[in-house]
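Structural overview for review
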Amino acid sequence: MPLSQAAWARIVPFALFMLLLALRGAVPEPNDWGVDARWLYGLNLVVVGGALAWYWRGYGELARQNHPSLGEAGLSVVVGLVVFGLWISLDAPWMQLGEPTAAFVPMTADGRPDWALIVIRWLGAALLVPVMEELFWRSFLMRWIASPQFETVDPRAAGLRALVISTFVFMLAHTLWLAAIVAGAAYAYLYQRTGKLWTAVIAHAVTNGALGIWVVYSGRWEFW
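Residues numbered from 1 in each chain as written. Predicted model: local features only at pLDDT ≥ 70, side-chain atom pairs only at ≥ 80, totals over all residues. Heavy atoms only, no water.

1. Focus on helix α1 (residues 5-26)
Using the following cut-off: Counting from the N terminus, the helices are DSSP H or I runs at least four residues long and the strands are E runs at least two residues long. Working rule for helices: expected span equals 1.5 Å times residues minus one. Bend, at a single residue, is the angle you get between axes fitted to the 7 residues ending at that residue and the 7 residues starting at it. Under the scheme applied here, a residue whose accessible area is under 20% of the maximum for its type counts as buried, over 50% as exposed, and between as partly exposed, the area being computed with a 1.4 Å probe on protein chains only. Residue contacts follow a heavy-atom distance rule, with two residues in contact if any of their heavy atoms lie within 4.5 Å.
An ideal rise of 1.5 Å per residue puts 32 Å on 22 residues; α1 measures up with 31 Å between its terminal C-alpha atoms. The largest bend in α1 amounts to roughly 25° and is located at Ile11, with the proline Pro13 lying one to four residues further along. Within the span of α1, buried status applies to Ala6, Ala7, Ala9, Arg10, Ile11, Pro13, Phe14, Phe17, Leu20 and Arg24. In this structure, the buried residues of α1 make contact with α2 (42-55) and α4 (115-146).

What follows is the structure, given as structure tokens:
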């Protein structure tokens, strides 16, 4: 069955993000081109953000009438903070896929924080990634597992199988596999419980926003 326009609207921003991530990883440091690979992260704000803006009218789940209630938003914030706390705790060697590396260290040559890089990285992680990833992992993939005609699937009826499989695939995209399982399951649970994608987006944004602040002040760049 060919993918629908709604499916592509959720896949394309995610694919662009992954492509830029691979591009950033492929640029050697240092290199003869004079390119600082860290600044390539800023392309996400333009390219992925532009793709989301292009498709925005097709994201009915993010329309005003589907905004969460105050109680649902509050629950999302709490879940996001709990996931953040668990994410920085579930980092034992056996809980990791591969060796942890500090792939993004926003420091100047003389050892000072590069606040321009920090702001760009934080904005991408806290504002762009939650929307892009929740549209792909939960709105598309989780419901598509329940039915290829995913637009007809009420997230509250997607079922445990869809939650488990989508969370497993989400885990494969992260180094901290156990933390990713906790996060993916938590965001999927919010989506299934409320039927509103914004709850998962808010929780994801809170997790990533808090993580970014903690990383900067702790210097634990391997979490970024």
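2. Regarding the packing of helix α5 (residues 160-172) against helix α6 (residues 177-194)
Using the following cut-off: Comment: axis = line fitted to C-alpha atoms, over the contacting stretch for helices; angle = value between 0 and 180 degrees taken between N-to-C directions. Comment on the angle field: the value is read as roughly parallel under 35 degrees, roughly antiparallel over 145, roughly perpendicular from 65 to 115, and oblique elsewhere. Crossing handedness is read from the near helix: turned anticlockwise from the far helix by less than a right angle, it gives a left-handed crossing, and turned clockwise, a right-handed one.
Where α5 contacts α6, the two axes come as close as 8 Å, and the packing angle between them is 140°. Comparing the axis directions of α5 and α6 gives the class oblique. Between α5 and α6 lies a crossing whose hand is right-handed. In this structure, α5 uses Leu163, Thr167, Phe170 and Met171 to contact α6, whose residues at the interface are Trp177, Ala180, Ile181, Ala183, Gly184, Ala185, Ala188, Tyr189 and Gln192.

3. Re the pattern of salt bridges
Test applied: When a carboxyl oxygen of Asp or Glu lies within 4 Å of a side-chain nitrogen of Lys or Arg, that pair is called a salt bridge.
Applying the stated criterion to the full structure yields 9 salt bridges. Arg143 is the partner of Glu61 in a salt bridge, and the nearest nitrogen-oxygen pair spans 3.3 Å. Of this pair, Glu61 sits in the loop between α2 and α3 (70-87) while Arg143 sits in helix α4; the two residues are 82 residues apart in sequence, bridging distant segments of the chain. This pair shows no difference in class: Glu61 is buried, exactly as Arg143 is. Through salt bridges that share partners, Arg10, Glu61 and Arg143 make up one connected network.

4. Comments concerning the packing of aromatic side chains
The criterion, for reference: Each pair of aromatic rings taken from Phe, Tyr and Trp, with Trp reduced to its six-membered ring, is defined by centres within 6.5 Å and is described as stacked if the planes are under 30 degrees apart, edge-to-face if over 60, and tilted in the remaining cases. Two thresholds decide whether a charge sits over a ring: the Lys NZ or Arg CZ must be within 6 Å of the ring centre and within 35 degrees of the ring normal.
One pass over the full model with this rule turns up 13 aromatic pairs. Seen from their ring centres, Phe140 and Phe150 are 5.2 Å apart, and the 90° between their planes marks the pair as edge-to-face. Of this pair, Phe140 sits in helix α4 while Phe150 sits in the loop between α4 and α5, placing them 10 residues apart in sequence. As far as burial versus exposure is concerned, Phe140 and Phe150 are alike and both buried. Ring pairing ties together the aromatic residues Phe14, Phe136, Trp137, Phe140, Trp144, Phe150 and Phe170, which thus form one cluster. Directly above the aromatic system of Phe104 lies the positively charged group of Arg121, at a separation of 5.5 Å from the ring centroid. Sitting over the face of the ring of Phe170, Arg138 holds its NZ or CZ atom 4.7 Å from the ring centroid.

Purely geometric stuff here, so don't read any function into it on its own.
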